[in-house]
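# Descriptive analysis of the structure
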Amino acid sequence: MKDSEIIEKIKKGDETALDFLYKKNYKMMVKMIVKNNGSEDEAKDVYQDALIVIWQKIQGHDFTLTSKLSTFLYSICQNLWRKELERKARHSNEEVNKSEIFDIDKKERIEIINKCIDDMGDTCRKILTYYYFDNLSMNDIAEKMGFANADTAKTKKYKCKQELDKKIKSLYTASDFLD
Amino acid sequence: MENLNSLNNIESYLTNKMSAAERKFFEAQLAKDPLLQNEINFHKDVIEGLQDYRKKELKERLNNIEVKGGNSYTGIKVAASVALATLIGLSSYYFTVIYNKEVASPQSYITPETKKEVSQEKSSNSLNSLNETNSILTPSETKVIRKEVAKPQKETSNVSAHIPIFNAPDVKEHFAEDDEQISHEEIIEASQGNITKAETPKLSSVEIKIEESKSNQLQYQHYNNKLFLYGDFNSKPYEILELNSHKESKLYIYFEEKYFALKPNQIKIANLEEIKNAKLIESLKMLRDK
């Protein structure tokens, strides 16, 4: 697959293009990180994150590729790994990072949200995650989900989101977050 | 913006879909409206939750992709390593071609130990400094494929075979199932250390078709990603040799004690040209002997 084909597919939210990219560049990226003091597991983790960054970037509206995809991926990998090394260094130096003292309320809220997302129907969950994470257009979502058109996707998305909000809010009230 | 609290506005704000002016106005309102702030925070959490969910899902998807080639770290080292050593491992494959159907197990294949030894040899930097001639003599990676044809096929005119790669497959019914081998190959190719290498055409996944030819002339062509060989290749063994330098992969064929070059861009049928360059013959010979 050529870069341009991969990009076209990713723009449409076709995960097989992501799989392809993953396999194709795996060794090179993992090697780069392993060479720079990473374990293989860390390398894999960072590489996967980098791919997901690419996935989202490509789906962004103003994406244009100025280099080869593998070069782009390589630089993202490098950056992420540099950050990870910095983070590790900080952690060994400082004992407690104040910003990391965990907000218990927030933790509980996130748990509720995650539970509600888990409980959602597949269709709703897909629509919402494609929309909010993958940045897919309503057209692409309709195509991917087999809906008649973008309007159907839009209506469904709206309903799903409302349902989810409602569910989360009811659980929030139950555990008394919102006064 | 008649209703600031509307879901649409909040969403456009959170998903960066507002124009600069709208955004500015919205933020001004937000600053003096705690209820709206609450609402924003709520939706922000929900959206982040959805994003995290999807991210985890995608990561899991990638995690479940098996990257072929066993222990990948070893694999990387192999690929990074240069020099003749790789030849050893990837060599000697014997199989019998009968009607596309039966492939006998190969007789030798590389073990992880061999790979590790191989990897100590050289760094890719030194390879890059080599000039063209030298790179032929010290290929970064080489594969030797041998095929021995058990018995002449009279009625077949079309026998296809994949160039085998790396690990040995078990006996298989169809060549078409050889995907696994191809992906081994891709991994090696992709991991050459320098990025530009990743796009090298993957010659080794070229499929070979043999057409019995009426004339005695040995001919070949690349067509439709397949390598067509014309001549008496079904009754006598031939070997496809692949020399991968840091720049490109080159294919050669050994047949009846002669070496021939297979130019990658040969689309029309052409006669096989015997190689005269003594150095090249020497290195191909070394390849075969491994």
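I will try to describe carefully the structure that is included in this document. (Residues numbered from 1 in each chain as written. Chains lettered and ligands numbered in written order. Predicted model: local features only at pLDDT ≥ 70, side-chain atom pairs only at ≥ 80, totals over all residues. Heavy atoms only, no water.)

### Observations concerning the overall build of chain B
Under the convention used in this document: Numbering of helices and strands starts at the N terminus; helices are DSSP runs of H or I of at least 4 residues and strands are runs of E of at least 2. Here the term buried applies to any residue with accessible area under 20% of the maximum for its type, exposed to any over 50%, and partly exposed to those in between, with areas from a 1.4 Å probe on protein chains only. We call two residues in contact when some of their heavy atoms are within 4.5 Å. Only the protein chains shown count as cover for residues, and the accessible areas themselves come from Shrake-Rupley with a 1.4 Å probe.
For chain B, the helix and strand inventory stands at ten helices and ten strands. Across the 290 residues in chain B, those meeting the buried criterion constitute 47%. Long-range pairs, those at least 24 residues apart, make up 63% of the contacts in chain B with a sequence separation of at least 6. Only carbon and sulfur atoms are counted for the fraction: they give 47% of the accessible area of chain B, which is about 14500 Å².

### Considering the pattern of salt bridges
Using the following cut-off: Any Lys or Arg side-chain nitrogen found within 4 Å of a carboxyl oxygen on Asp or Glu counts as a salt bridge.
Overall, the coordinates contain 23 salt bridges over all chains when judged by the stated rule. Between A:E143 and A:K12 there is a salt bridge, and its shortest N-O distance comes to 3.9 Å. In this pair, A:E143 sits in helix α7 (residues 138–145) while A:K12 sits in the loop between α1 (3–11) and α2 (15–35), placing the two residues 131 residues apart along the sequence. Of the charged contacts in the structure, one is a salt bridge between B:K59 and A:D49, with a shortest N-O distance of 2.7 Å. With one member in each of two chains, B:K59 in helix α3 (residues 34–63) and A:D49 in helix α3 (residues 40–59) form a pair that bridges those chains. Salt bridges sharing partners connect three or more residues here, namely A:E15, A:D134, A:K144, B:R54 and B:E57.

### Digging into unusual backbone geometry
One non-glycine residue, A:N37, lies in positive phi territory at about 65 degrees. By secondary structure assignment, the location of A:N37 is in the loop between α2 and α3. Positive phi, close to 50 degrees, is recorded for B:E256, a residue that is not glycine. B:E256 sits in the partly exposed class, given a relative accessible area of 44%.

### Regarding the packing of aromatic side chains
Condition: When the centres of two rings from Phe, Tyr and Trp lie within 6.5 Å, Trp using its six-membered ring, the rings pair. Their planes under 30 degrees apart give stacked, over 60 give edge-to-face, and anything left gives tilted.
This model, assessed by the stated rule, comprises eight aromatic pairs over all chains. Pairing A:Y22 with A:Y26 gives two aromatic rings, centres 5.6 Å apart and planes at 75 degrees, and the pair type is edge-to-face. With A:Y22 and A:Y26 both in helix α2, this residue pair falls four residues apart, about one helical turn. No difference in accessibility class separates A:Y22 from A:Y26, as the two residues are buried. Here the aromatic rings of B:Y254 and B:Y259 are separated by 4.8 Å at their centres, their planes lie at 45 degrees, and the arrangement is tilted. A connected cluster of aromatic rings, assembled from ring pairs, spans A:Y22, A:Y26 and A:Y47.

### Observations regarding α1(A)
Residues and elements named next belong to chain A. Stated precisely, the cut-off is as follows: To be clear, the arc concerns the directions from the helix axis to the C-beta atoms.
Residues D3, I6, I7 and I10 constitute the buried set of α1. What you see down the axis of α1 is that its buried residues fit within an arc of 100 degrees, all on one side. Just downstream of α1, G13 is the residue with a positive phi angle, here 80 degrees.

### Quick look at the interface of chain A and chain B
Keep this limit in mind: Buried area, as used here, totals the accessible surface that two parts lose on assembly, with accessibility defined by a 1.4 Å probe and the loss added over both.
Contact with chain A, which involves 50 residues of that partner, is made by 41 residues of chain B. A buried area of about 4400 Å², summed over both sides, lies between chain A and chain B, and 64% of it is on carbon and sulfur atoms. On the chain A side of the contact with chain B, A:K27, A:K31 and A:Y132 bury the most area, a combined 17% of that side's loss. For the salt bridge of A:K161 with B:E11, the shortest nitrogen-to-oxygen distance reads 3.7 Å.

### Here's the deal with the nonpolar core
Going by this rule: Side-chain atoms within 4.5 Å are what join buried Ala, Val, Leu, Ile, Met, Phe, Trp, Tyr and Cys residues into a set we call a nonpolar core.
Counting residues in each nonpolar core, the largest one holds 36 residues, and the members touching the most others are A:Y22, A:Y47 and A:L51. For this core, the secondary-structure elements that each account for two or more residues are α1, α2, α3 and α4 (69–93) of chain A together with α3 of chain B. Sort the elements by how many residues they give to this core and α2(A) lands first, with eleven residues. The residues contacting A:Y47, other than those within four sequence positions of it, are A:L21, A:Y22, A:N25, A:Y26, A:M29, A:I33, A:L73 and A:C77. Counting residues in hydrophobic clusters, the runner-up holds 26 residues, among them A:I113, A:Y131, A:L136 and A:A150.

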